[in-house]
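# A closer look at the structure
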Amino acid sequence: MANGAPIISSNEGVAATLAKSLGAAVLSTVEAYNEISFTVDRKTLPAVMDKLRDEHEYQQLVEIAGVDYPERPERFEVCYHLLSLTKNHRIRIKVTTDEDTPVPTVTHIWEVAGWLEREVFDMYGVLFDGNPDLRRILTDYGFQGHPFRKDFPLTGYVEMRYSEEAKRVVYEPVKLAQDFRSFDFMSPWEGADYILPGDEKVGGEAPPPTPKSTESTKDTGAGKKANKAAVKKLPPNKAAVKKPAPKRTKSGTNKSAPKDKS
């Protein structure tokens with residue numbers, strides 16, 4: 001039997017009601033794409049969460065996510081996604097911080113925040129004041145840096161492998177097998193500044209085809225001389241031996257040639 005309840009309740013009037021209830025703690029409100037986001041003062045975060053859970057029935061903390069904006073003075077945004085089971089509604093609460101300023105913990109409101117705050121700390125390096133167990137949770141022991149920061153190198157600082165000599169896992173500085181290539185991250189849908197193959201069909205000019213550099217065996221070094229030189233390099237027991245052809249008897253049946261006893 002189908003349930004007639006909507007998948008998500010309407011946002012009509014929710015932003016104004018919550019902003020009025022939270023008062024001066026709200027720094028900004030954004031309602032877009034059927035979602036409501038509040039940016040609140042970092043120091044008031046525990047009080048805001050308490051009020052949203054007890055007075056406005058947002059009982060569940062679904063996720064804590066981090067965002068990195070390196071160009072901002074407070075480069076990190078910590079986003080709390082809340083769900084009201086009774087209202088069938090979701091909102092997002094955001095606070096900003098930098099590398100050194102801790103964010104108040106909400107583990108005393110939702111126990112699940114302990115692990116979620118550890119993830120944000122591990123990936124972004126955001127500190128949470130009051131978290132009883134703020135350790136790395138996704139990266140390994142001794143890992144350097146925070147992988148989700150925009151300035152974290154794509155290759156990392158160290159690589160891990162199992163050493164047969166030491167009979168254990170060892171860490172070594174990253175050594176690239178080849179130089180960095182120049183990658184073009186521009187999507188064709190965003191408007192590339194060059195002609196792509198196939199664009200000639202709509203008025204553009206396709207790039208010229210790449211000429212082959214191996215038109216004959218002279219270009220590759222292959223041929224009869226190379227084959228003979230390869231046979232000479234083989235060990236004596238591996239060299240090709242020409243076997244005699246089988247003899248035909250009077251009855252017309254084939255008689256196998258004598259086996260080479262060598």
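Here's what I pulled together on the structure shown here. (Residues numbered from 1 in each chain as written. Predicted model: local features only at pLDDT ≥ 70, side-chain atom pairs only at ≥ 80, totals over all residues. Heavy atoms only, no water.)

## Concerning the packing of helix H1 (residues 14–22) against helix H2 (residues 45–54)
For the pair H1 and H2, the least separation of the axes is 11 Å and the interaxial angle reads 130°. With respect to H2, the element H1 is oriented oblique. At the point where H1 passes H2, the crossing takes the right-handed sense. Contacts from Leu18, Ser21 and Leu22 in H1 reach Val48, Lys51 and Leu52 in H2. Taken together, the residues of the contact of H1 with H2 break down into 4 nonpolar, 1 polar and 1 charged. (Axes fitted to C-alpha atoms, helices over the stretch in contact; angles between N-to-C directions. Helix = DSSP H or I, 4+ residues; strand = E, 2+ residues; numbered from the N terminus. Parallel < 35°, antiparallel > 145°, perpendicular 65-115°, else oblique. Left-handed = near helix turned anticlockwise from the far one by under 90°. Contact = heavy atoms within 4.5 Å. Nonpolar A, V, L, I, M, F, W, Y, C, P; charged D, E, K, R; others polar.)

## Some words on the pattern of salt bridges
In this structure the tally under the stated criterion is 15 salt bridges. Residue Glu74 is joined to Arg42 by a salt bridge in which the shortest nitrogen-to-oxygen separation is 3.3 Å. Here Glu74, found in the loop between strand E3 (60–68) and strand E4 (76–84), pairs with Arg42, found in the loop between strand E2 (35–40) and H2; they are 32 residues apart in sequence, far enough to count as distant. The partner of Asp54 in a salt bridge is Arg53, and the shortest N-O contact between them spans 2.9 Å. For Asp54, a relative accessible area of 51% gives the class exposed. Counted as one network, the salt bridges with shared partners bring together Asp68, Arg75, Glu99, Arg149 and Asp151. (Salt bridge = Lys/Arg side-chain N within 4 Å of Asp/Glu carboxyl O. Buried < 20%, exposed > 50% of the residue type's maximum accessible area, 1.4 Å probe, protein only.)

## Remarks on the sheet that holds strand E1 (residues 26–32)
Pairing within the open sheet is mixed, and its 5 strands lie in the order E1-E2-E5-E4-E3. Each of the sheet's edge strands pairs with one partner strand only, and the pair in question is E1 and E3. Going from strand to strand, the sheet's axes swing by 20° on average, the running direction of each strand aside. Two elements, E4 and strand E5 (residues 89–97), share 9 bridges in a ladder whose sense is antiparallel. Each residue of the ladder has a partner; that of Cys79, found in E5, is Lys94. Sitting on the sheet, helix H3 (residues 113–124) is in contact with E3 and E4, with an inclination near 10° to E3. (Pairing = 2+ DSSP bridges.)

## Quick notes on H3
Under the 1.5 Å per step criterion, the end-to-end length of H3 is 16 Å for 12 residues, consistent within 8% with the ideal 16 Å. For H3, a buried count of 10 out of 12 residues is recorded, marking the element as mostly surrounded by other parts of the structure. Where H3 is concerned, the buried positions are Ala113, Gly114, Leu116, Glu117, Arg118, Val120, Phe121, Asp122, Met123 and Tyr124. Buried residues along H3 sit against E3, E4 and strand E7 (128–129). Taken from the residues just after H3, Gly125 is the one with a positive phi, measuring 85°. (Expected span 1.5 Å × (residues − 1).)

## Comments concerning the side chain of Asp122
Along the chain, the position of Asp122 falls in helix H3. Leaving out residues up to four positions away in the same chain, Asp122 has contacts with Arg136, Ile137, Leu138, Thr139, Gly145, His146 and Pro147.

## Describing the packing of aromatic side chains
All told, the structure shown has 3 aromatic pairs when counted by the stated rule. Relative to Tyr124, the ring of Phe76 lies with its centre 6.3 Å away and its plane at 75°, an arrangement referred to as edge-to-face. With Phe76 in strand E4 and Tyr124 in helix H3, this pair connects stretches of sequence that are 48 residues apart. Overall, Phe76 belongs to the buried group, its relative accessible area being 1%. Taking relative accessible area as the criterion, Tyr124 reaches 11% and is therefore assigned buried. Note on Phe143 and Phe152: the rings are 6.2 Å apart at their centroids and 25° apart in plane angle, and the pair reads as stacked. Among the aromatic residues, ring-to-ring pairing joins Phe76, Tyr124 and Phe148 into one connected group. Lying over the aromatic face of Tyr69, Arg72 brings its terminal NZ or CZ to 3.7 Å of the ring centre. (Phe/Tyr/Trp six-rings, centres within 6.5 Å; stacked < 30°, edge-to-face > 60°. Lys NZ or Arg CZ within 6 Å of the ring centre and 35° of its normal.)

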